[in-house]
Amino acid sequence: MLYKLLLVIVAISCVNSYECTHNGRKYGGRFKIDCNTCVCGEYGKAVCTNLRCDYGQESTCIYQGRRYRVGETFQQSCNTCECKHGGQVQCSNKDCPKQCTYNGKVYQEGEEFQDKCNRCKCLSSGYIQCTNNVCQCQYNGKDYNVGVSFNDGCKTCTCQTTGTVQCNSDRCGCYYKNSQYQEGQTFIDACNTCRCINGQVDCTTRVCQCTYQGRTYNIGQRFGECDECQCLFSGTVQCSNKRCKCIYNGNTYRIGETFPNGCNTCTCKIDGSVDCTTNPCTCTYKHRVYNMGQKFTDDCNTCTCQHNGQVACTYRMCKCSYNNQFYNIGQTFRKGCNTCTCQADGTVDCTTNPCTCTYNHKVYNIGQAFTDDCNTCTCQHNGQVECTYKTCRCTRKGRSYKIGQTFQEDCNQCQCLSTGYVQCTTNVCKCTYNNQLYNVGQTFRQGCNTCTCEVNGRVSCTNNPCNCLYNGNTYGIGDSFRKDCNTCTCKADGTVGCTTNLCTCNYNGKHYDIGSIWYNDCNKCQCTSEGRVVCEQKTCTKPCIHKGKTYSAGETFKDDCNTCTCGQFGQVSCTKMYCPPTTCQYYGKTIPDGKTFMTQDRCNVCRCSNGNVKCTKYDCYKERRRY
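Residues numbered from 1 in each chain as written. Predicted model: local features only at pLDDT ≥ 70, side-chain atom pairs only at ≥ 80, totals over all residues. Heavy atoms only, no water.

A.B. asks: Sorry if this is basic, but what is going on with the sheet that holds strand E35 (residues 274–276) here?
C.D. replies: Consider a sheet: its strands pair through backbone hydrogen bonds, and that pairing is either parallel or antiparallel. The three strands are arranged E33-E34-E35 in an open sheet whose pairing can be described as antiparallel. In the strand order of this sheet, the two ends are held by strand E33 (258–261) and E35, each with one partner. Looking at each pair of strands side by side, their axes are set apart by 30 degrees on average, direction ignored. Alignment of E33 against strand E34 (residues 264–268), held across four bridges, turns out to be antiparallel. Bridging from a neighbouring strand, Asn 261 pairs with Asn 264 of E34. (Pairing = 2+ DSSP bridges. Helix = DSSP H or I, 4+ residues; strand = E, 2+ residues; numbered from the N terminus. Axes fitted to C-alpha atoms, helices over the stretch in contact; angles between N-to-C directions.)

A.B. asks: Please clarify how the packing of aromatic side chains should be interpreted in this entry.
C.D. replies: To describe a pair of aromatic rings, one takes the distance between the centres and the angle between the planes. Applying the stated criterion to the full structure yields 27 aromatic pairs. Consider the rings of Tyr 102 and Phe 113, whose centres lie 5.6 Å apart with planes at 50 degrees: the pair is tilted. With Tyr 102 in strand E11 (residues 99–102) and Phe 113 in strand E13 (residues 112–115), this pair connects stretches of sequence that are 11 residues apart. On the numbers, 3.6 Å between centres and 5 degrees between planes, the contact of Tyr 551 with Phe 557 is stacked. For the pair Tyr 551 and Phe 557, a shared accessibility class is recorded, and that class is buried. Connected via pairs of aromatic rings, a cluster forms that spans Tyr 433, Tyr 438, Phe 444, Tyr 470, Tyr 475 and Phe 481. (Phe/Tyr/Trp six-rings, centres within 6.5 Å; stacked < 30°, edge-to-face > 60°. Buried < 20%, exposed > 50% of the residue type's maximum accessible area, 1.4 Å probe, protein only.)

A.B. asks: Looking at this structure, I do not really get the sheet that holds strand E73 (residues 556–559). What am I missing?
C.D. replies: Taken together, three strands build an open sheet; the order of strands is E73-E74-E75 and the sheet is antiparallel. The outermost strands of the open sheet, each flanked by one partner alone, are E73 and strand E75 (572–574). Here the strands of the sheet are splayed against their neighbours by 30 degrees on average, with no regard to which way each runs. Two strands pair when backbone bridges link them, and strand E74 (residues 562–566) and E75 are joined in this way by three bridges, in the antiparallel orientation. The residue of E75 that forms the bridge with Thr 565 is Ser 573.

Printed below as a string of structure tokens:
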């Protein structure tokens, strides 16, 4: 038992850069679990001390996944928290200031401001609430404020509160807020006195009311229950700002009110803060929530949600990860021309045979460059071929066109697009009838019938009994005609018989003409004469991910003393040179790097790390007396 404890302490004392997974979380080097110290080993396993964390010690607190000592304080947003005896965390419950953004400006919660003739306030929800008064009228392309009077020729006009302009033809009268007044007439508007003079209304400008939280109050009026407010002569509202409620998670509670929060109970205190119990209720593991004591599996390991809110799992190696693929222990798979095996320690071991590249039935040496149409290809070190991906031309009706080339097809203009597709205008130019072309609107005779070329490109004919009628077109007895790629004949009984050749291919919901060529991702496809679609089966270029880093195709990088290259299809190939480890000298002996061994007195444990020997300084005799 003493030897195992010493071995763990040595492992902890040696700083390394290994990474590992413990209890469902990833760590690097040395880390703490409760009162125990752990260190990542070279095969992804964690070695930890096994001390009783509550033995002879004060209890600790766990809050949002972190552990704190009794009496330790920490910040949570704008609030201060303290770890109490019994594992309880007590936090102040200040209302952290919230902000609103309006027209590019930032306002604090409760702050009021003016927007033209409207009063606005920043709410606790982060939204702005404004009154909805009409501020201006528009008349003859100009804007006027509400209440402003102006002349339009011999008419006097006034901007009304409804946003409309009202005018009269009598310059001696006035219009004000939807009412008409005589020249010299005096009248009252709220607490102000107004007079009609020369068609204009002149009023005193005393403040009559206050607007607060969407409601209007008279000057001097008091309102509010707990937090009493008064409308001042300046038009502003002054409040006592007493704490009447608590706001918690967007909800409002009365002073003294208790309410549940998960499995905890909260109370609205007299100072407006909220005090809640801090019992752990669930465990969160890989974005999923589990109840206390619940067991579940993670791959081939069994996990348990513990009462401290932490998840404890068994730690068994289940698979190997290689090039973003997972393999079972002992499984073999191919990597280019090499064979790889998933080892019991979770690593992958591959043969390192040199390979060539095969492309379009030709063999190329590693590093050799060649062309494929307008693209340049290179044989990579992983045996894969990497090519530039450019569309070189379009094919239409058996003819080939360069990218960007335009050409005429009957009365329509066509262009070869960069995608390899041909785009044409869709004008109806002519009608085809019995291998003859007719202009739209043109009429002609067909046997004993008269035919007309319609605007939709179809031919309509009279239906005298001397012909066949087929798809809206008329044919003479014995006449033959084309329907797509098939030949039809007007029979003596007036019916039409057609051949049944396939004319198009259906691929991914689209129809393509026989002989058409198009691209599906980086693969070229063609519609054959049998109506089948034949496509290349190339795998398109993908990035590589190696030890958590992403590399583009063709990029080379170092992994220890070896050189790696990112292939075309997301595969990483590295040289397999042996990187000699550093050794240590200890009392005339050569110790390999990373090896752990006992001191000569068999009391302490040492480890060789980067050429240096590090040993524990454990007082074994004192420890024996303690036990």
